[in-house]
Structures are given as structure tokens and as C-alpha cells.
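Residue-level structure breakdown
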Amino acid sequence: MDQSTRRLTVAQALVRFLSAQYTERDGVRHRLIAGTWGIFGHGNVAGIGQALLEAGEQAMPFHQGRNEQAMVHAAVGYARQLGRLSAQAVTTSIGPGATNLVTGAALATINRLPVLLLPGDYFATRAADPLLQQLEHPVEADLSVNDTLRPVSRYFDRITRPETLVPSALAAMRVLADPAETGAVTLALPQDVQAEAYDWPEEFFAERVWRVRRPAPDPVELAEAALAIRRAERPLIVAGGGVHHSEAEAALRTLADATGIPVASTQAGKGSLRHDHPADLGGIGHTGTAVSDDLARTADLVIGVGTRYTDFTTASSTLFRDPGVRFVNLNITAFDAHKLAARPLVADARAGLEALAEALAGHRVHAAYEAEYRLGKERWEQVVAAAFRADDENAVPTQTQVLGALDSVVGDTDVVINAAGSLPGDLHKLWRARSPRQYHLEYGYSCMGYEIPAGIGVQQAAPGTPVWSLVGDGTYLMMPTEIVTAVQESLPVNLVLIQNHGYASIGGLSESVGGERFGTAYRYRTADGSFSGAPLPVDLAANAASLGMDVIRAKTVRELRDALAAARASDRPTCVYVETDPAPTAPPAQAWWDVPVAEVSSREAAVDARTTYDGHAAERRRHL
């Protein structure tokens, strides 16, 4: 065994180690940590910063960010585009630089997407105490602000001695590469330890390959699942994000073609089948299509594939209403496979679907059932066409007409990114997904500000891919900073900026639950204290231009379509700015979402909303 050593600082050793880590699945190899995002301060400039400089761009590419949360979003977008087989690291200083990571870390872990976080930390030696930006705790002297990352990380360690880096770094890679465990991984790095030298064994820097498993289903579980499907009269597949992470789309299509079982999709699973596949019913749940939700209400067997069954998917436990409905859950994690008292099928999504297809050979649903859902699919397509259609090309577009214009411009390989506001609901119900990676909705955490940095991450992962970051004015104001990064890196991210003068989505929700749109409009404050005056005179298009983007303003449907086509043809980061007609043109929700309403109130709107709420809440059930 090689006993030679190399003297490096902890930070230099970590960067060198990370540059030699790979994943491999189905014989294809990827860099596990393909680059590092960073903003430097007194917690990382002399440690990780110096180490990145010394390593060079070939060993570890460096990306300069403007906001720590946004850097995590970019890394998450990158990892999702590459099916979780490659990730990026994010380094920050101590204090606010570190705590700014928390939101991004929560987003990554909730969505089961890998990102490596390397925040600076206080002196391990306590040689200087307290430091600038240090949080002092009167009874826990070893606590730092980085401890806020513990609950949102899948693995957390603080490297207080050089020799502890070796087992911790290996454990971190294991979690990042494990499809059942992955999420945010945090290695907190005290700034004095980062700069401390140590004699590292050469073996630590050897190339290491982490094989991403495709575990096959247990034979007994497979037999039980197949029997349940054969006995079902009205089975329904719910495709979640695990289908995409496993690259199981072809296996799902094969199963649907052979059996005729219809497929509805969660936000993360949309695009698992192409929109025009006969078995694709579109979104399911609160933001789902009528055909998906109608079938869900009458399904006697629900087959979840790679889904977490969030409240949007289950319509807050009111969607699956058949008295005898049962569940079969194919999932790589036992935690999710057992939800809703299901028959678990713990396996990789692709391996599980292929095994199911073999076990179900010769089985097909009744022809009447196929005819029923295909007719429902045709009817919903008419709803989509009506929402997208603009009878007057010279009119101000509605939000759904914005989506219709984009639908007419994009190609099969374009990626459409969104996360928050009213757009996710409209997209889930209406968007015609043409390929597995096209529909990129972050709806596990639904984080405002995700879209622009995620677009950068997707561009880095798939250079040359047309990327569309769709944001409303509220989201834009949260985090436009990474426009500067897109400009700096010459990444032609297309920003579709929709101006509707406020938190329109929450305004609508507020109205429906008796909140009367309180505090949701971007308007001047009036004499009575409310925000009901004239719209604020902000010019978001001018702001985007000031950050270096090319900006095209569109006032009509025709101008919008032309602007989108010009943006797609451009090799520069481009913003298409449009102010929309607020008239609602999206189809209403086809299923409920539980947002508790005030049980008592002196205001009529809240009293009425509570009556409606109680009626829906009575339909909730536990699946046992």
C-alpha cells in the first residue's frame, strides 16, 4: 500500500480530493463535483479561496456568484438537469454568507437534489473569540450560525481537526451520490483549520468512482404489486420526479403502451410522458387537469412512481375517494414507498418499471376505460387551446396567452423553469411538455428567486440548450442578482418577466380564504393605511437592462410572440418584458388545497370562506 504523503492545507486537500470524485451509472461517468460557486469573505478567502486559485480551473472550475442563496439555486438547477449524477459545491464566508445558504439547502434537500455546501466557520482554536459576525451563545460555546444548516442537510459535519476531513469527505460523497439519501451536504470549515497544513496520505487523492445503484425490486413485493395491478379495474399511475432522476421515461412509456394504464404527473414528474402520448393525462392534484383528477377520484388502484405525495398531489388528502382504493408505491426510498399504507415496491424507478412490464405481460386495462380517459384528454386539450388562444393579436396578453405564445416558439429541447406564484398552477394544468427535461418546476419548496440562477445552472449543465426563466414581478424583486452572472459568463438565459403589480398568486389565495387580498398589491399606501393607491412606478425592464441584459418590451400578443422568437435566436442573455391583462383566463382548480381559514371572524368574507372550507375539509380521509 502506498504510504507516501503530501503536505497541503485542509482547504487545498479538500479541493484536490473533490476534483478526483466521479459517479458512474449504466457505464457513463460524470464528475461528481463539477465546479464550485463562491463569494469570498473572512471565513473562506484565505482557505478555500486560496486553494481554488492554487488548484486552477481545470482541476476545479470556479463560478462567481452575487448572492449565496442564488448560488445554491444554480447548483440545484445544474444537478437536476444532469439527473443528480453531477453536482456543484458552494463556498461562503462565515456569518450572513453562511446563513444565506439555509433557504437553498432546504430547497435542495426537499427536492432530493445534491449540492455540497462549504461555509466558513469560527476559529476552532478559539484563538480569537468572539470574531466579527460570530453568534455567541451563553450555554453552548461550540454552537455557530452554521448549525442552522443541520436540519436542512442530509449530512453535516464541522471539520475541527485536519485529520477528520478524510472520513467526513468520504461520507459526504457517499450521501451526495446515493439516490436514496441525496440532498444538501454541509461541511462547515473553521477558517483557521482551512489554512492549517497536514501530511495527507496520497490515497486520499486517488480517483474514486461512486457507482449509482439501480436496485431491483424484491421478488415478493414485485409479485404482490403485479397481482394488485392485474386485479384493478381502474388503475392510475402517478409519475413523480423519481421517473426523471432515474431516466425511467422510456420504461414508463413501454409499460403504458403495453397495459394502457393512464399516467398523471406531479409537478416534478411532468414530462415523464410526452404531452401527446395517448396515456398522458397531464398534471394531477390541486393544479391538475380535469381528466387526471376525475380518474383519481374513481381509481381503485393508484401506482405511485417516484413521488412523495405532497398535499398538492393528493389535494390535501381529498382526491383519492374510491372507498376501496389502494396504493402501490415504486420508490427508491422505503420512506416514500410506504406512504398511504401502500404495497411498497422499493427499487430504482427504471428497474422497477421494467420488472413490472415483464410481470404484467399480456395484461391490459379494459377498452372502455381507455376510451373514457382518452375522451377526457381530448376535452382537456380543448381547454388548453382556449386558454392559449388570442382572438385579438393586438390585445394585451393574459398570463395564459403568454404561455401560449411561448408554446408556439419553443422547440423540443428547450427548458422552461419556474418555481413560485400563479405560474406553477397554470403550467401544471396547461403546458405541453415535449421532452423529459423541458418542464423544470421547483415545487417542493416553491422558492421565489429560484428561476434565474437555476437557468444558469441548466445552461452550465447543457450548453446551447435554450432556457426560459419565467418570473413575475414579485419573484424578480426577490432575487435578480444573478443576471449579472449570466452576463459575465455569456450564458444566454432567456428571462420572461411578467408584470402584474404584486403578489398575484397569494392575492388570489387570500381572496379565497377570507384574507381580502390584504398586503398583496404593489401600490402606494393611501390615507386609510391600505395599499390601494396607484401602481408603483417601478420599471423592472430598465432594471434588467441596467444589469446587462438585452431587453425587449412587448405590449401585445403579436409583439410578445415576435419578442420570444428573437430572444430564442439570440446568443445574449435576453429579457422579454410584458405587462399582462389581469383578467383570469386559466381554468379553475380541479381539486382542493387545504389552507386553514379563520374559525371565527367579524368580516363576512372570512365567515363565508370558513363555510366553504368546512365543506371541503369534511372530505379528507386517511388511507389505512
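An account of the accompanying structure is given in this report. (Residues numbered from 1 in each chain as written. Predicted model: local features only at pLDDT ≥ 70, side-chain atom pairs only at ≥ 80, totals over all residues. Heavy atoms only, no water.)

So, the overall build of the protein
Across its full length, the protein holds 24 helices and 23 strands. When its C-alpha atoms are laid out on the principal axes, the protein stretches across 70 × 70 × 55 Å. Counting all 624 residues of the protein, 57% fall into the buried class. Put simply, the protein shows about 24,700 Å² of open surface, and 53% of that area lies on carbon and sulfur atoms. (Helix = DSSP H or I, 4+ residues; strand = E, 2+ residues; numbered from the N terminus. Buried < 20%, exposed > 50% of the residue type's maximum accessible area, 1.4 Å probe, protein only. Areas by Shrake-Rupley, 256 points an atom, 1.4 Å probe, with all protein chains shown as cover.)

Focus: the nonpolar core
If you look at the biggest cluster of nonpolar residues, it comprises 81 residues, and the most contacted ones within it are Trp 468, Leu 470 and Leu 564. Ranked by residue count, the leading element in this core is helix H15 (residues 367-388), at six residues. Setting aside residues up to four positions removed in sequence, Leu 564 forms contacts with Ala 405, Leu 406, Val 409, Trp 468, Val 496 and Val 576. In this structure, Ala 13, Ile 33, Met 173 and Val 175 belong to the second largest nonpolar core, which totals 34 residues. (Core = buried A, V, L, I, M, F, W, Y, C linked by side-chain atoms within 4.5 Å. Contact = heavy atoms within 4.5 Å.)

As for helix H23 (residues 557-569)
For H23, which comprises 13 residues, the first-to-last C-alpha distance of 19 Å matches the rise-based estimate of 18 Å (1.5 Å per residue) to within 8%. When we look at burial in H23, the residues that qualify are Val 557, Leu 560, Ala 563, Leu 564 and Ala 567. The buried residues of H23 all sit within an arc of 120° when viewed along its axis, so they share a single face. Exposed and facing more than 90 degrees away from the buried side of H23 are Asp 562 and Ala 569. As for H23, its buried residues are in contact with helix H16 (399-409), strand E20 (467-472), strand E21 (494-499), strand E22 (550-554) and strand E23 (574-579). (Expected span 1.5 Å × (residues − 1). Arc of directions from axis to C-beta.)

Details of the pattern of salt bridges
Taken as a whole and assessed by the stated rule, the structure comprises 39 salt bridges. Residue Asp 412 is joined to Arg 274 by a salt bridge in which the shortest nitrogen-to-oxygen separation is 3.4 Å. Of this pair, Asp 412 sits in the loop between H16 and strand E18 (415-418) while Arg 274 sits in the loop between strand E13 (263-265) and strand E14 (280-283), and the two are 138 residues apart along the sequence. The partly exposed category is assigned to Asp 412, whose relative accessible area is 40%. With relative accessibility at 34%, the residue Arg 274 sits in the partly exposed group. A network of salt bridges, in which partner residues are shared, links Asp 26, Arg 214, Asp 348, Arg 350 and Glu 354. (Salt bridge = Lys/Arg side-chain N within 4 Å of Asp/Glu carboxyl O.)

Notes on the sheet that holds E23
The strands that make up a sheet pair up through hydrogen bonds in the backbone, lying either parallel or antiparallel. With parallel pairing, the six strands of this open sheet are ordered in space as E19-E18-E20-E21-E23-E22. In the strand order of this sheet, the two ends are held by strand E19 (439-441) and E22, each with one partner. The average angle at which neighbouring strand axes cross in this sheet is 20°, direction not considered. In the sheet, E18 pairs with E20 via three bridges, with the strands oriented parallel. Across the sheet, Ile 417 pairs through a bridge with Ser 469, a residue of E20. (Pairing = 2+ DSSP bridges. Axes fitted to C-alpha atoms, helices over the stretch in contact; angles between N-to-C directions.)

Concerning the environment of Ala 390
Mapped onto the elements, Ala 390 comes out in the loop between H15 and H16. Separated by eleven residues in sequence, Ala 390 and Gln 401 place their C-alpha atoms 6.5 Å apart. Not counting residues within four places of it along the chain, the set of residues in contact with Ala 390 comprises Gln 401 and Val 557.

Describing the side chain of Asp 293
Along the chain, Asp 293 turns up in helix H11 (residues 290-298). Buried charge without a partner: Asp 293 forms no salt bridge, and the closest opposite charge is Arg 297, 4.7 Å away. Within the local environment of Asp 293, its side chain forms a polar contact with the backbone nitrogen of Gly 285, the two atoms lying 2.8 Å apart. In contact with Asp 293, other than residues within four places in its own chain, are Ile 284, Gly 285, Gly 288, Leu 319, Gln 590 and Ala 591. (Lys, Arg positive; Asp, Glu negative; His and termini not counted. Polar contact = N/O pair within 3.5 Å; in protein donor to acceptor, adjacent residues only side chain to side chain.)

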